[in-house]
Every structure is written in C-alpha cells, then in structure tokens.
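Breakdown of the fold
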Amino acid sequence: MFTRRKTGAVGAVAIVAFTAALAGCAGSTPAGDAAPTYDPDADVTLDFAFWGNDVRAEMYNEAIAVFNEEYPNITVNPTFLAWDEYWEKRQTEAAGKNLPDVFQMDMTYVRQYSGNGLLLDLTPYVGDIIATDGYDESVLEIASIDDTIAGMPVSTNAIGMFENVVLTDQVGVEPFAGGDWEEYDEWLHEAREAAEAAGLEVWGGADPTSFIQPFELVLRSEGKSVFTEEGELGFTKEDLADFWNRGAELRDDGVVTPQQRILEVAPKGAFDSAQALTEIVWDNFGAPYKANLGEAYPDLNLVAPPVTQEGAKDLYKKAGMLISAAASTEHPEAAALFTDFLVNSPEVGAIFGTNRGMPASQTQLDGVELDETAQQIIDYEESIADRIGDAPPVPIVGYGSVEAKFKALGQELGFGTITVDEAVDQLFAEIDVIVNQ
C-alpha cells in the first residue's frame, strides 16, 4: 500500500519531492491528476492546533521556527487547549467544516472524523512529500481506514508488564519469569503467600481481567479483535465470560489486590502505590509510575506480559497521537509538508524529546536524547519484536465508552456486587447501544 523513499524530513530531497508533487496535486487527489493548487514561491498560512500546555506550546514555537528556516513562505499559526476543551473546540469546528489545516489527532476520534469526510486522505503524499523510511509498515497502517490514511503517527507504545523489583525482593519472591496466563496465575499465588509470610500487605498484581487490554491480547492470540474492520463486534459472550471467570478464581483466592484497597489509594493505582508487584499496562507508564512510587522504589523492570499461545502476534504498537490534516484545507501540499516535518524531523525530536511520547519514526527518534526510562522502552519493544502483529482496526466511534464500561464492570466484579453473567450482559447491552446509535 505504501511506497518508500529515502529522504530526511526537511532538506533538499524533501524540497525536490514537494515541488514535484505540486505539479499535479489537488486536495486528496494523487499527483498528476489535477492542476497545481499551490505555488511554492507564494505565501501560505496554515492554522495548526494541538492539545497540551505552555511547555508543549513553547516546544512547538521552537519547532515552527526551525521549519520556517527551510520554508519562510509558510506561516504557521499555532493554538492549543487542554484535552477536554480541545475536543470541544474541534467538534464545533467539525460541525462547520472549518477544522484547522493541521492538528493533533487521537485514535479515539479517527473513525468519527474520517467517516464524516473531515480528514484529508494523506495517501497521495505518503512516501512522497511525507517520508516513510523511518516507519515500520505495521505502524504506518495504524490510521488506515478503507484504503485511506487519516493521519501520521507521532508516537507509539505497546502493552508490557512493569515489575517493582525492590518490592519483590522485600516480599521474598522471584520476579515473574515469563510464561502463559496459567503460569502467571500460579506466580500470583506464590507472591501473595510470600507477602503474607513476610507480614506485608502486598499482592502480586491487580486483577488482570478488570481491564480491556489483557482481554484484547487474549483475543488477538486467537485471531480475533474487540471490533472488526467493519465496526462489528469481534468476540462472543462466551469469550468474555471465560476471561472474567478466570479473574473470579484469582479474586476468590485473595491473590490480587482487593478492589477496596485500590479505591483507598486512588487516584493512584495498585502498582504505583506499592500495593502490587506487577502491572500490565502501556509501556509509556514508566515515568509516572517512578514519580508516584518515589525514591524508595527506583528500579522497575519492563517485561513481556503473559502469552496465551506461543508464536501468536498478540502485541501491537498503538499510536499515542497522530498528526492529521483537514479535508477542507486550501493548501493540502503545504499541510502534508508540515506534517512530514512534525513526524519525521530529527530537529523536532531534539526539541520535544519524549514530550509527545516515544517517536514513531526512527528518523525523528534519532534526534532524541534518551533518558533511562526512554531507553528501557526501546529495549523492551526490541525484545518483543516477534510478538508484534498488525495494529487492530481503527476504534469504532464510542470505543472509549466501551473501554470505560469494561473497567467499571471489572470494579463491580472486584467488589462482588455483580456476577460474571450479569457483567457480560451489561457490557453487550452497552455495546449494542453504541454500535446501533
């Protein structure tokens, strides 16, 4: 689907490719099929929006200054808001079809905006104006919908397992050595027994069946997904009941952090309040975990989560954020060029570091000065390369509500206020409302 070219994000080769593309690009129409819409010598203004704070805003100002050293004729007007206000503003703009020329996009909203024809299809520009040589093919497919490209990944992360090795040593149990879910369950029992013997109110981990991510890993190992490419449900009630029933055994045996204890330490979780030895979560959680745990627990391991089937491609790289362009932009080629700069430029990598997450493009990552936590993520993702498969279908509109309902039901199961069968019925009812709304 993608063609590759060897080029830097900003430089002579990019200028040549950009100028050549201008010979026939119009909006999302491939080069050669239409008259030029942009004179590279003419002044162009792009509106650019992002969510963030003053720190990120200053970084973007610095990056735009670098961009203008190469393209002084392209004026970029940046604006930013906090997360909630940012999406409220985009929704208002979407209703009037006057979105910014270029803006930060989240995977939760990709299908909604793309399905309504609001995003520029980047296909004609990817591999030409937008360099791809720094990307893995699976990452490039992250925001692909119906043979269109709705955005370019800025950053990625994968599911992993954090281990508090200092606390594990205090408990007197060896860290989980890897294996399947049954072996992890056995280790959770060993960890709790060791903690009780040591007189410590610590558990091996929180209930791993209370979040949708471990369920997704199980489904992917069986060739399934939470939702299909067509937006249909990808699992059965039996699949979900089997998963939640496994958690019931762990809860009944008292080997996972009790839900009441998790409630008491909120807003922290079981792991970053030193109530659990392990946590299955996205691999970019290391920095906030270390900050919450403090100096008493300086060392965290990052290892692969349990497997369901050996050889399965159950893990994948998820986009932390994307850069998208509006279908309504009057300057699609300039928008594509600025997008390339934001996702590929090593200069941008040097400015942002990991502020926007671990860069998805190796070209940009080459510009980042890595700290210990960032290097740990890189090493981890290299170690799980054989388990990385294709990204799942772009989330359906309302996926965030499904995820939140799954978590809420997991909490109720933890308190024992609902049965597995009742939880399954409630989740399917919620999904039915979302899918058929």
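Residues numbered from 1 in each chain as written. Predicted model: local features only at pLDDT ≥ 70, side-chain atom pairs only at ≥ 80, totals over all residues. Heavy atoms only, no water.

The name that an unreviewed UniProt entry assigns to the protein chain is Extracellular solute-binding protein, with the source organism given as Microbacterium psychrotolerans.

On to the pattern of salt bridges. Summed over the entire model, instances satisfying the criterion amount to 12 salt bridges. Close ionic contact of Glu196 with Arg192 constitutes a salt bridge, the shortest N to O distance being 3.6 Å. Of this pair, Glu196 and Arg192 both sit in helix H7 (residues 181–197), 4 residues apart, which is roughly one turn of the helix. (Salt bridge = Lys/Arg side-chain N within 4 Å of Asp/Glu carboxyl O. Helix = DSSP H or I, 4+ residues; strand = E, 2+ residues; numbered from the N terminus.)

Considered as a void within the structure, the largest pocket measures approximately 1400 Å³ in volume. Together, 49 residues line the largest pocket, and Gln213, Trp282, Phe285, Lys318 and Glu403 are the ones closest to its centre. Mapped onto the lining of the largest pocket, the elements with two or more residues apiece are helix H4 (107–115), helix H8 (212–221), helix H10 (259–265), strand S9 (276–282), helix H11 (286–293), strand S11 (318–325) and helix H16 (399–415). Here the lining of the largest pocket gets 6 residues from one element, more than from any other, and that element is H16. Of the residues assigned to the lining of the largest pocket, the class counts are 28 nonpolar, 12 polar and 9 charged. (1 Å grid on protein atoms, 1.4 Å probe; cavity = no way out; pocket = protein on both sides within 12 Å on 5 of 7 lines; lining within 4 Å. Points joined across faces, edges and corners; volume = space filled by probe spheres on them. Nonpolar A, V, L, I, M, F, W, Y, C, P; charged D, E, K, R; others polar.)

A cluster of acidic side chains, namely Glu182, Glu183, Glu186, Glu190, Glu193 and Glu310, defines a negative patch on the protein surface. Residue class for Glu193 comes out exposed when judged on its relative accessible area of 53%. (Patch = residues over 30% accessible without salt bridge, like charges linked within 9 Å, V, L, I, M, F, W, Y side chains within 5 Å. Areas by Shrake-Rupley, 256 points an atom, 1.4 Å probe, with all protein chains shown as cover. Lys, Arg positive; Asp, Glu negative; His and termini not counted. Charge placed at Lys NZ, Arg CZ, Asp CG, Glu CD. Buried < 20%, exposed > 50% of the residue type's maximum accessible area, 1.4 Å probe, protein only.)

Taking burial as the measure, the 7 residues of S9 include 7 buried ones, the bulk of the element. Where strand S7 (residues 159–164) lies against S9, 5 bridges are found, and the strand directions are antiparallel. In the sheet register, Met161 faces S9, and the bridge partner there is Ile280. Two elements, strand S8 (residues 203–205) and S9, share 2 bridges in a ladder whose sense is parallel. Across the sheet, residue Trp203 finds its bridge partner in S9, namely Ala276. (Pairing = 2+ DSSP bridges.)

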